[in-house]
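Structural characterization, general
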Amino acid sequence: DRYIYRIKQAGTQTIRLATTDADVGLCTVTLQADYFDTETITIDQTAYVEVTGTISFANDNQRTERTNNKQVWKNDGVTLTNEKGSGQDVTNRTNPVRFYSGQKLTIGAEGNIKSITFVCNNSTYATNLKNSIGTVSGATVTTSGSNVTVTFTNATATQFVINLTAEVRMNSLTVAYYKQQ
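Examining the side chain of Ser115
Among the secondary structure elements, Ser115 is positioned in strand S9 (residues 112-120). Looking at Ser115, the relative accessible area reads 15%, which means it is buried. If we ignore the near neighbours within four places in the chain, the residues touching Ser115 are Val150, Thr151, Phe152, Thr174, Val175 and Ala176.

Structure (structure tokens):
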């Protein structure tokens, strides 16, 4: 009876497996015991691995949609949607891509986002992007030269939205996220 009681108390546990070098993944384990009819233990396991996806703006090969109001870029399980918002029309420029004040950027992934690294055209555009992002609850925003990185304390969201307050020119972005195996 003590053994069964401990299993019932365990319930559902989320275990984060990590090494000193990189995250190995997340594993959700559910333990269940029914000692009235049978004495079996059921273990349900869902495993996640950390993957990265990069969108390059060197050309329009990864752009899947473009109008004056919206453009969509997709690659490696990552999507960036640029909407006109209150800003000027979405432009047809690449290498670097140009986003303008008043436009809205939505970055999405096929799993919960751990971090996003934006590679801007120069440090001025990186500062513009960091200022547009501002303070994010549950995340840190850092710059290093022309790079801006948003690192989430807990990877719980599959989207991140930025309302631009200044022009940003960007070469690429890389998203680290947890994908279900």
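Details of the pattern of salt bridges
Per the counting criterion, the structure on display carries six salt bridges. Between Lys179 and Glu110 there is a salt bridge whose closest N-O contact spans 3.3 Å. Of this pair, Lys179 sits in strand S13 (residues 168-180) while Glu110 sits in the loop between strand S8 (104-109) and S9, and the two are 69 residues apart along the sequence.

What about the environment of Arg98?
Among the structural elements, Arg98 can be located in strand S7 (residues 97-99). On the accessibility criterion, Arg98 (13% relative accessible area) is buried. Sequence-wise, Arg98 and Met170 are 72 residues apart; in three dimensions their C-alpha atoms are separated by 6.6 Å. In this structure the side chain of Arg98 is engaged in a polar contact, spanning 2.9 Å, whose partner is the backbone oxygen of Pro96.

Examining the pairing of strand S5 (residues 70-75)
Bridging between strand S4 (residues 63-66) and S5 involves three bridges; their strand directions are antiparallel. Among the inter-strand pairings, Glu65 is bridged to a residue of S5, identified as Val72. The loop that links S4 with its antiparallel partner S5 comprises three residues. Bridging between S5 and strand S6 (residues 78-83) involves six bridges; their strand directions are antiparallel. Its bridge partner lying in S6, Asn75 is registered against Val78. Here S5 folds back onto S6 in antiparallel fashion, the turn holding two residues, of which Asp76 has a positive phi close to 55°.

Let's talk about the environment of Tyr48
Of note, Tyr48 is situated in strand S3 (residues 40-56). Of the residues examined, Tyr48 reaches a relative accessible area of 25% and is grouped as partly exposed.

Some points on the nonpolar core
Ile107, Phe118, Leu129, Ile133 and Leu173 are the most contacted members of the largest nonpolar core, which has 32 residues in total. With five residues, S13 is the single largest residue contributor to this core. Not counting residues within four places of it along the chain, the set of residues in contact with Ile133 comprises Phe118, Val141, Val148, Val150, Phe160 and Ile162.

Quick word on unusual backbone geometry
In this structure, Pro96 follows Asn95 across a cis peptide bond, with omega equal to 0°. Along the chain, the position of Pro96 falls in the loop between S6 and S7. If you check the backbone angles, Asp76 has positive phi at about 55° while not being a glycine. Along the chain, Asp76 turns up in the loop between S5 and S6. Phi is positive for Asn95, close to 55°, though the residue is something other than glycine. Here Asn95 shows up in the loop between S6 and S7.

A few points about the pairing of S8
Within S8, five of the six residues are buried, which leaves the element mostly enclosed by the surrounding structure. Judged from the six bridges that link them, S6 and S8 form a sheet pairing that is antiparallel. Its bridge partner lying in S8, Thr81 is registered against Thr106.

Digging into the environment of Gln159
When you line up the elements, Gln159 lands in strand S12 (residues 159-163). In this structure, the C-alpha to C-alpha distance between Gln159 and Glu110, residues 49 residues apart in sequence, is 9.3 Å. In contact with Gln159, other than residues within four places in its own chain, are Thr106, Ile107, Gly108 and Ile113.

What counts and how
- Residues numbered from 1 in each chain as written.
- Predicted model: local features only at pLDDT ≥ 70, side-chain atom pairs only at ≥ 80, totals over all residues.
- Heavy atoms only, no water.
- Helix = DSSP H or I, 4+ residues; strand = E, 2+ residues; numbered from the N terminus.
- Buried < 20%, exposed > 50% of the residue type's maximum accessible area, 1.4 Å probe, protein only.
- Contact = heavy atoms within 4.5 Å.
- Salt bridge = Lys/Arg side-chain N within 4 Å of Asp/Glu carboxyl O.
- Polar contact = N/O pair within 3.5 Å; in protein donor to acceptor, adjacent residues only side chain to side chain.
- Pairing = 2+ DSSP bridges.
- Core = buried A, V, L, I, M, F, W, Y, C linked by side-chain atoms within 4.5 Å.

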